[in-house]
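# Results of the structural survey
What follows is each chain in one-letter form.
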Amino acid sequence: GEQVEQLPSILRVQEGSSASINCSYEDSASNYFPWYKQEPGENPKLIIDIRSNMERKQIQELIVLLDKKAKRFSLHITDTQPGDSAMYFCAARYGNEKITFGAGTKLTIKP
Amino acid sequence: EAAVTQSPRNKVAVTGGKVTLSCNQTNNHNNMYWYRQDTGHGLRLIHYSYGAGSTEKGDIPDGYKASRPSQENFSLILELATPSQTSVYFCASGEGTGQNTLYFGAGTRLSVL
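Residues numbered from 1 in each chain as written. Chains lettered and ligands numbered in written order. Predicted model: local features only at pLDDT ≥ 70, side-chain atom pairs only at ≥ 80, totals over all residues. Heavy atoms only, no water.

Right, let's get into the nonpolar core. Grouped together as the largest cluster of nonpolar side chains are 24 residues, with contacts concentrated most on A:Trp35, A:Phe73, A:Leu75 and A:Leu107. Mapped by element, the contributors of at least two residues to this core are β2 (10-14), β3 (19-25), β4 (32-38), β5 (45-51), β7 (62-67), β8 (72-77), β9 (86-93) and β11 (105-110) of chain A. Counting residues in each nonpolar core, the second largest holds 18 residues, with B:Val4, B:Leu21, B:Met32 and B:Tyr64 among its members. (Core = buried A, V, L, I, M, F, W, Y, C linked by side-chain atoms within 4.5 Å. Buried < 20%, exposed > 50% of the residue type's maximum accessible area, 1.4 Å probe, protein only. Helix = DSSP H or I, 4+ residues; strand = E, 2+ residues; numbered from the N terminus.)

Structure follows, in structure tokens:
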């Protein structure tokens, strides 16, 4: 299968705390896992990605972890700020360049 | 930054009518994609393409056709539009192998009455 499950669908965290979003995939042949952020009324934009030959990647406050054995990957936003409020989508690429997205997480940062 | 342009930005169609959504990219990317976005479902893949002349079925292709006449253009066609196809449609282009960052267009809001 080529489904991507994403949880939670709604996430509210206090400003300055961490936020975590979890995704799982079905096809062990998946080799690339990007994360996209979508602001209200805008299009999705890539914020961080990880390839299957890595277990961890960090860009500033964004950390992505990949557990290939469990077929899970996750996004962690540390020290959240109001500007982090948005929709977040995980995705998985399958060998034929098909890219399937999760259902999304609406993140709200509470002041 | 990569440029992906969708037209129209908004469209109201009647049930049973034909709708064509157009997408143009100036990035010389091989891959192009059509997704629809609905609350609770995220971005669902309708059709995609590896290059001019190629179209592939995505996860929800029923009721949609696609056309890729050139590297730059990728159209989504609803031959007989239905109210269930009311949605926001996003086109995207991608570099292909290696770093396959998707660059999305601004979206088309389609209402089928």
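Back to the text.
Note that the residue after A:Leu7, namely A:Pro8, is joined by a cis bond; omega there is -5°. Structurally, the position occupied by A:Pro8 is in the loop between β1 (4-7) and β2. In this model, B:Ser7 is joined to B:Pro8 through a cis peptide bond whose omega is -5°. Within the secondary structure, B:Pro8 is located in the loop between β1 (4-7) and β2 (10-13). Even without glycine at this site, A:Lys71 takes up a positive phi of about 60°. For A:Lys71, the location among the structural elements is in the loop between β7 and β8.

Quick look at the environment of B:Ser111 now. Residues and elements named next belong to chain B. Structurally, Ser 111 can be placed in strand β11 (residues 108-112). Sequence separation between Ser 111 and Ala 66 is 45 residues; the distance between their C-alpha atoms is 19 Å. The residues contacting Ser 111, other than those within four sequence positions of it, are Lys 11, Val 12, Ala 13 and Thr 86. (Contact = heavy atoms within 4.5 Å.)

So, about the interface of chain B and chain A. On the chain A side, the residues contacting the 24 residues of chain B number 20 residues. The tally of links from chain B across to chain A stands at one salt bridge. The salt bridge partner of B:Asp59 is A:Lys98, with a shortest N-O separation of 2.6 Å. Scanning the region where chain B abuts chain A turns up eight residue pairs in polar contact (both at pLDDT 80 or more). For the side of chain B that touches chain A, a count of residues per class yields 10 nonpolar, 13 polar and one charged. (Salt bridge = Lys/Arg side-chain N within 4 Å of Asp/Glu carboxyl O. Polar contact = N/O pair within 3.5 Å; in protein donor to acceptor, adjacent residues only side chain to side chain. Nonpolar A, V, L, I, M, F, W, Y, C, P; charged D, E, K, R; others polar.)

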